[in-house]
Amino acid sequence: MRWPVSATNTAMIPVITVHGIAAEPGVTPAPSVYERSLIDSLAAQSLPEHIGVLVDGNRRWAAQRGLSTREGHAAGAERIIDFLGWCTELNIPRVTLYMLSTENLKRPAGELSGLISVIDEFLNRLVASRVGPVNAVGNIAMLPQSLRATLEQAITATSTLPGVQVNIAVGYGGRQEIADAVRELLRDAAAAGTSVQELAASLNVTDINQRLYTRGMPDPDLLIRTSGEQRLSGFMTWQSAYSELYFCRALWPDFTRVDFLRALRDYAGRNRRFGS
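Below: a short report on this structure. (Residues numbered from 1 in each chain as written. Predicted model: local features only at pLDDT ≥ 70, side-chain atom pairs only at ≥ 80, totals over all residues. Heavy atoms only, no water.)

### Observations regarding the pairing of strand β4 (residues 165–172)
Here comes step 1: Most of β4 sits inside the fold, with eight of its eight residues counted as buried.
Here comes step 2: The pairing of strand β2 (residues 94–101) with β4 spans seven bridges and is parallel. Of the residues in β4, the one forming a bridge with Leu 97 is Ile 168.
Here comes step 3: Sheet topology places strand β3 (residues 134–137) next to β4; four bridges connect them, and they run parallel. (Buried < 20%, exposed > 50% of the residue type's maximum accessible area, 1.4 Å probe, protein only. Helix = DSSP H or I, 4+ residues; strand = E, 2+ residues; numbered from the N terminus. Pairing = 2+ DSSP bridges.)

Rendered as structure tokens:
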């Protein structure tokens, strides 16, 4: 599968990629026989509507190869482009990518600037790929102005596109999200002249849902984390109450279509009870 790419954007392709060479965004090889057998085993109705991904392991991947941290993040960005191609093939309607947490923003300035520049380049490539509409999930005010501007431009440029909705979680923290939602709720109540006692008496789950960064979106059906870590690290803390979790040992830049299809196969075999 090949998505269109503008010649003016070729300079944005990272020098180091998953495949070891510069590659066009969205060039996805045809499935192997084994991959095709996995795809054929998945009924459309068994696939998740919303997948959240913790794209973890970029730094370790780079360290194993004697590369810089920035090159590791660039390799991770290349793999995201591939991953979105796989989602397009399977008609997965929505993906949320955990790319920059509130904790990441506390990293040393040199490392953070490299990560920010990779995300900036990735957003430009995402727009060029035309895979689908881009949406921001997080406290955008915490981002550097340059990245915020690129993100806003990406949202505007892709707003009318069909395809996979790509939610970019940047400046994101699950606890921060809940605190921000409660803060907004309190301000709304004050503006409406509602007392704290009245708010406490009427408060329900929907009141919080409607003020989350993901307001208006369904909760994720499946959360995938790579690199062997088995925790969510504050990703979609509220929304993941009934999400299925899948942990993969591969570092994110090494995550393959087979890894993804196995995650979907595992998800399809689960009996979701939603707490019942």
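### Describing helix α1 (residues 33–40)
Here comes step 1: Every buried residue belonging to α1 is among Glu 35, Leu 38 and Ile 39, and all of these are buried. Projected down its long axis, α1 carries its buried residues within an arc of 100°, all on one side. Facing away from the buried side of α1 by more than 90 degrees, the exposed set consists of Val 33 and Asp 40.
Here comes step 2: Where α1 is buried, its residues touch α9 (257–268). (Arc of directions from axis to C-beta. Contact = heavy atoms within 4.5 Å.)

### With respect to the environment of Met 99
Here comes step 1: Structurally, Met 99 is set in strand β2.
Here comes step 2: Residue classification places Met 99 among the buried residues on the basis of a relative accessible area of 11%.
Here comes step 3: Leaving out residues up to four positions away in the same chain, Met 99 has contacts with Ile 80, Asn 104, Leu 115, Ile 119, Phe 122, Ile 168, Ala 169 and Val 170.

### Some remarks on the pairing of strand β6 (residues 244–247)
Here comes step 1: Residues of β6 alternate between two faces, with Glu 244 and Tyr 246 buried on one and Leu 245 and Phe 247 left unburied on the opposite face.
Here comes step 2: Relative to β6, strand β5 (residues 222–225) runs parallel, the two sharing four bridges. When the bridges of β6 are listed, Arg 225 appears paired with Phe 247.

### Considerations on the packing of aromatic side chains
Here comes step 1: Across all of its chains, the model carries twelve aromatic pairs by this definition.
Here comes step 2: Here Tyr 172 and Tyr 213 contribute two aromatic rings whose centre-to-centre distance is 5.8 Å and whose plane-to-plane angle is 70°, an arrangement assigned as edge-to-face. On the criterion of sequence distance, the pair formed by Tyr 172 in strand β4 and Tyr 213 in the loop between α8 (205–209) and β5 is long-range, its members being 41 residues apart.
Here comes step 3: For Tyr 172, a relative accessible area of 1% translates into the label buried. (Phe/Tyr/Trp six-rings, centres within 6.5 Å; stacked < 30°, edge-to-face > 60°.)

### Points about the nonpolar core
A general feature of soluble globular proteins is that nonpolar side chains tend to end up buried together.
Here comes step 1: Grouped together as the largest cluster of nonpolar side chains are 55 residues, with contacts concentrated most on Phe 83, Leu 97, Leu 100, Ile 168 and Phe 260.
Here comes step 2: The contact partners of Leu 97, leaving out residues within four places of it in the chain, are Val 53, Ile 80, Phe 83, Phe 122, Val 166, Asn 167, Ile 168 and Ala 169.
Here comes step 3: Within the second largest apolar cluster, ten residues are counted, among which are Leu 54, Ala 169, Tyr 213 and Phe 235. (Core = buried A, V, L, I, M, F, W, Y, C linked by side-chain atoms within 4.5 Å.)

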